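Residue-level listing of the chains:
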Amino acid sequence: MPSAKLTKSSIERLANDGPSDVIFWDEALPGFGLRIKPNGTKSFVVQYRNRTTGRSRRKTIGRHGPLMTVHQARETAKSLLAEVLRGADPVVELRAQRKAPTIADLADRYLEEHAIPKKRPGSVRNDRSMLLRHVLPQIGKLKVFEVRSADLQRLHNSLQRTPYEANRTLALLSKMFSLAIRWDMRMDNPALGIEKFQEQKRQRWLSDGELKRLLSALQSHPNQVAANAIRLQLLTGARIGEVLSARWDDFDLDRSVWIKPSHHTKQKRTEHLPLSSASVALIDQLAKVRREKSDHVSPSARVEGPIRDLKAFWRAVTKAAELQDYRIHDNRHTHASHLVSSGMSLAIVGRLLGHTNPSTTQRYAHLADDPLRAAADVMAAKIS
């Protein structure tokens, strides 16, 4: 192989008149060279021998031109050759990087090995939705090892108009990267330390008048299977997913208890919920009609198993009841707020709702003043 003192001027004079590539090796730095193709394209290369295997490897540094001068290429070659002396193999490492998993690969593994086996179906659907709508479009093609905290900060900031969604997406990414560490995809979690947006807890529940309109709309709707699911939710304060997944065997009507299986509850533990007489009467009434037809209390008319989606039904009911900005989940708030305002303690209401953290029930604390104020008004009325 020919050699030359590679400088800006000498590189401009060097040429290749043959049918194949020619490499001119630098006289000053062994292993550093200039490759010239028959079409005249000039690129800098570095060649070294793997100290462990003894194999000779060649790596292209870059094409000669305004973006890659001989000085820059020589400094890069020195850095690569220094890595080789320390036992590294830049070519092998580059190949490994090219084959390294992307965020899209991590998302697939997260769903298959963590979410689907360990989370509730509704939570899996939420995770998949966040991945498809937010994560994959922005960082799906990035390698897991190259994602920086700044990348996740930009993603989080892009969702600032929906702070709750932004924070849930950040929490999902944090879990995915903690698993990536366990799966030897990277050494750290870039989601840690990113400040979450402040969230406004919803304070929406129904007044007596609104509740009356909702019950009337439920009575008028032709889908009484769905209507009864909402009635049961209002009576028990349960999450709608728990209601829809409930089976007849989950209810002990002799003891007036709903035994919620751990795989149906948010806290992933079995819960025993005392039932009111109205709840028992409703379940008993439904059982006489449906128990022989389905194992589920709220069976679907279209597919085997329970009802899976109440969105269209809920839109029609809330429209008929003239309710604004009221979600199915807000039925839990309605249940709790009416209990607290009637004099029930926050601790008892929290237990009925399945809250493990007492602070979660504190959003209803101001309603606990209503029965006390009513009691105080008794004496006030006598004095006045």
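Just above, that's the structure.
All values reported here derive from a predicted model rather than from experimental measurement.

A. Broad picture of the sheet that holds strand β6 (residues 251-252). Pairing is antiparallel across the open sheet formed by three strands, whose spatial order is β6-β7-β8. With partners counted over all chains shown, the strands left at the sheet margins are β6 and β8 (271-274), one partner each. Strand direction decides the pairing type here: β6 and strand β7 (residues 257-260), joined by two bridges, are antiparallel. Bridging across to β7, Phe 251 finds its partner in Trp 258.

B. The nonpolar core, seen in detail. Judged by nonpolar contacts, the single largest core of 35 residues is most densely connected at Leu 214, Leu 218, Ile 230, Phe 251, Trp 258, Leu 310 and Phe 313. Where this core is concerned, the elements lending two or more residues are α8 (208-220), α9 (224-236), α10 (240-245), α11 (277-290) and α12 (311-320). By size, the runner-up hydrophobic cluster in this structure holds 28 residues, among which are Ala 115, Met 130, Leu 159 and Phe 177.

C. The sheet that holds strand β1 (residues 3-4), seen in detail. Here we have five strands laid out as an open sheet, ordered β1-β2-β3-β4-β5, and mixed in their pairing. In this open sheet, the two strands that pair with only one neighbour each are β1 and β5 (56-63). Here two bridges tie β1 to strand β2 (residues 22-26), and the two strands are oriented parallel to one another. If you follow Ser 3 over to β2, its bridge partner there is Trp 25. Where helix α2 (residues 70-85) meets the sheet, it contacts β2, β3 (32-36), β4 (42-49) and β5, and its direction lies at approximately 15° from that of β4.

D. Highlighting helix α4 (residues 103-118). At Leu 111, α4 shows its largest bend, some 40°. Burial in α4 covers these residues: Ile 103, Leu 106, Ala 107, Tyr 110, Leu 111, His 114 and Ala 115. In this structure, the buried side of α4 is in contact with α5 (121-139) and α7 (163-182).

E. The packing of aromatic side chains, seen in detail. The full count for this structure, using the stated rule, is three aromatic pairs. Positioned above the aromatic ring of Trp 183, the side-chain terminus of Arg 109 is 4.1 Å from the ring centre. Its guanidinium or amino end placed over the ring of Trp 258, Lys 260 lies 4.9 Å from that ring's centre, counting from NZ or CZ.

F. Local environment of the side chain of Asn 189. Within the secondary structure, Asn 189 is located in the loop between α7 and α8. Taking the relative accessible area as the measure of exposure, Asn 189 reaches 12% and is therefore buried. The residues contacting Asn 189, other than those within four sequence positions of it, are Ser 174, Phe 177, Ser 178 and Ile 181.

G. View of the packing of α9 against α11. Packing of α9 against α11 leaves a shortest axis separation of 10 Å and a crossing angle of 155°. Taken together, α9 and α11 sit at an angle that is classed as roughly antiparallel. Seen along the crossing, α9 lies across α11 with a hand that is left-handed. Of the residues in α11, those touching α9 at Gln 224, Val 225, Asn 228, Arg 231, Leu 232, Leu 235 and Thr 236 are Ala 278, Ser 279, Leu 282, Ile 283, Leu 286 and Arg 290. Residues belonging to the contact of α9 with α11 are distributed by class as follows: seven nonpolar, four polar and two charged.

What counts as what
Residues numbered from 1 in each chain as written. Predicted model: local features only at pLDDT ≥ 70, side-chain atom pairs only at ≥ 80, totals over all residues. Heavy atoms only, no water. Pairing = 2+ DSSP bridges. Helix = DSSP H or I, 4+ residues; strand = E, 2+ residues; numbered from the N terminus. Core = buried A, V, L, I, M, F, W, Y, C linked by side-chain atoms within 4.5 Å. Buried < 20%, exposed > 50% of the residue type's maximum accessible area, 1.4 Å probe, protein only. Contact = heavy atoms within 4.5 Å. Axes fitted to C-alpha atoms, helices over the stretch in contact; angles between N-to-C directions. Bend = angle between axes of the 7 residues up to and from the residue. Phe/Tyr/Trp six-rings, centres within 6.5 Å; stacked < 30°, edge-to-face > 60°. Lys NZ or Arg CZ within 6 Å of the ring centre and 35° of its normal. Parallel < 35°, antiparallel > 145°, perpendicular 65-115°, else oblique. Left-handed = near helix turned anticlockwise from the far one by under 90°. Nonpolar A, V, L, I, M, F, W, Y, C, P; charged D, E, K, R; others polar.

What is shown is where atoms sit, not what they do.
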